[in-house]
Structures are given as structure tokens and as C-alpha cells.
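Understanding the architecture of this molecule
One-letter residues, chain by chain:
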Amino acid sequence: MAGRSGSLDEDDAMNGPWVLAGIGLAVSALVIWRLLNGKRVHGYLADTEYWIYTHETRLPAIDKVMDRMVGANPHHRAGRPCIGAREGMIFSDIRLDIALAKREKNPFAFRPDLFSEDVVPTSEQLTSIADAKAIIKIRYSSRSLLKDDRHLQFMAHLADSMSDLANGTAVFDRITGQVWTSAEFKKELEANNNGARPSLQIRVFWKCDGEVGRVLTRGLRKVGLAELESLPLPPDQEVLATGLMMRLAHEGFRKMKLPNQLETEEYEDQFILEVQPAVGVHKVKILRTLPS
């Protein structure tokens, strides 16, 4: 997202080192050692960021946040806690950043629909944002290769917990441009507490430009992948192309690696999606294969 949408004038913050003090030096040292010795790749960036719009103008106490996410998480399933030891390590990860920004210093940030034409909130979502007094920004950003997707589960439940504890009104996924009211976001996790699922973490959408259109993705960056964009297509291919691109995006997201091509079937026809690497956004050529 361009312009001023990418940064906030922060009033309060808790980041990795601050959180480390409350976790224990042994665990903290281990996490830092692993981070500093992780495999770094030039140009790599995995970035997940939520803005939680709230009535409260102070950050919730970290012990209350941890309890809401772990012991008191309302989205637990029998034998399947939302946040276990695997995800809990992120509490002490210095790649996690939490900050608060008040409305009076950041009025532009309360109109996400003006950040980009790809951000299209409903009137109800905009009203919820208009009622807020502050934003809690949570971000997990890594320039070391991620080994798994545990941060996605952690961040989704952290966003929900922050919203619950700070009297939240709305949640904005800054990477995908998706907006929910706080109630809508909570219902997403009530229906399925897997916060790492592609349907919650990425967007695949059609964008028309004159007499042609393209299918774009947002959210693959959360697992360190380039976003995708189809080559231009006629408007009557919108539904077909969006479905095909969604399969490709979900496949790459789950495996945290984009295939060079994907062979798939749609409406009893066979298709090949060829990924053409490019700087920034990878292009995708959609081919219909003829029966042999």
C-alpha cells in the first residue's frame, strides 16, 4: 500500500526485547540465538501485519494478552488448543512488534479505503472504524527464511485477543487489504480456529482495466512469497480465472513455495498455470490444454 498507510505515529509500544523480560532469560537467549543464526536470503521478507481499531487508548497488559490467547482463548477445541508451545515461542521473538497509535496523531489511518483502490470495506466496517480512538498495530516481519507458518496462527489469535481486551471495533489486514468488524473477525475464528488457513490469510480478486482484467493475490508475502498477477484476460473469464488463480495461490501458500506450474481441472477442462518470475510480482499465464 502506498502513501502514508504504511506507517503510524506510535504513542506506545511493546516489542521483542520488552516482552523478553517477562518470559525468562533462558528461553529468550535461545530464541535470539536461533534468529541470529537463521538462514538469511537477500531480498527475502515475510511480513504479517494487522491494525486493530479500538476504543481503548492504551495497550492491554501483556500478561492479560497471554492469558487470553492461551488459557482463556474462547476458540479452543477439545484436545486442540489454539496456541500451544509451538506458537507460544513467538511471544519472545524479537521479530514481533506491537505498538499503539492514537487517532489525533494519525487521522489518515482511520480511512483504509483511501489507502488503495484494492481496499473496499463495507459501510458497516467503515462505521466501526470511525467509532475507534486508537489503533493497535501488530507486526511479525522476518528477513530470515521461515521454517513453518506458526506465526500466522499466532498473529490471527493475537489480533482477536487485542480486539477483545481493548474494546475493539474493527480489524484491518494491512497486507491483504481485508477489513472486518471485530465481531466478523471473531466469527471467523469461532467457525474455524485455524488462523493459518489460506481463506483467512490471503485474498484473490479480479481487477478490471478497460476491456481486459487481471486476477491478483494479496497475502502470499506473509510466507515470504511474491504476489501473483495473471496476464490480461477478457472480462468473461473472470470467474474461471479467479478460481484457477485461487488454487495456485492456496497451493503455494500451504507449501510456502510457489510451483513453476500447476496442472488442474475446472469445469471438466484441463488447465496449466505457468508462473513467470519477475521482480516484485510474478506473472501467471493461464493455458487451456486440448484433449489428446
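Residues numbered from 1 in each chain as written. Predicted model: local features only at pLDDT ≥ 70, side-chain atom pairs only at ≥ 80, totals over all residues. Heavy atoms only, no water.

Digging into the confidence of the model for the protein
Under the convention used in this document: A residue's pLDDT is simply how confident the predictor is in it, with values from 0 to 100. By definition in these notes, contact holds between two residues if any of their heavy atoms fall within 4.5 Å.
Summarising the model, the protein shows a mean pLDDT of 89, and 88% of its residues fall at 70 or more. For the stretch residues 16-27, pLDDT sits under 50, and the model shows 16 contacts to residues farther than four places along the chain or on other chains.

Description of the environment of R111
Selection rule: Starting at the N terminus, helices and strands are each numbered in turn, a helix being any DSSP run of H or I of at least four residues and a strand any DSSP run of E of at least two. Under the rule applied, a polar contact is a pair of N or O atoms within 3.5 Å (in protein, one hydrogen donor and one hydrogen acceptor; residues adjacent in sequence only if both atoms are side-chain atoms).
By the secondary structure assignment, R111 is in the loop between β3 (96-102) and α5 (123-130). Side-chain polar atoms of R111 contact the side chain of D113, separated by 2.6 Å.

A closer look at the nonpolar core
Heads up, the rule is: The set of buried Ala, Val, Leu, Ile, Met, Phe, Trp, Tyr and Cys residues whose side-chain atoms join them within 4.5 Å is what this entry labels a nonpolar core. We call a residue buried when its accessible area falls under 20% of the maximum for its residue type, exposed when it is over 50%, and partly exposed in between, using a 1.4 Å probe and counting protein chains only.
Membership of the largest hydrophobic core comes to 57 residues, with the highest contact counts inside it found for Y50, I136, I138, L158 and F185. When near neighbours in sequence (up to four residues on either side) are disregarded, L158 contacts V65, M69, L96, I98 and I138. If you look at the next biggest cluster of nonpolar residues, it comprises 15 residues, including W51, A109, F110 and I135.

Section: the pattern of salt bridges
Heads up, the rule is: By convention in these notes, a salt bridge is any Lys or Arg side-chain nitrogen within 4 Å of a carboxyl oxygen on Asp or Glu.
Counted according to the given criterion, the structure contains 24 salt bridges. Notably, a salt bridge pairs R139 with D47, separated by 2.8 Å at the nearest N-O pair. With a gap of 92 residues between them, R139 in strand β4 (residues 134-142) and D47 in strand β2 (residues 46-54) connect regions that are remote in the sequence. On the accessibility criterion, R139 (27% relative accessible area) is partly exposed.

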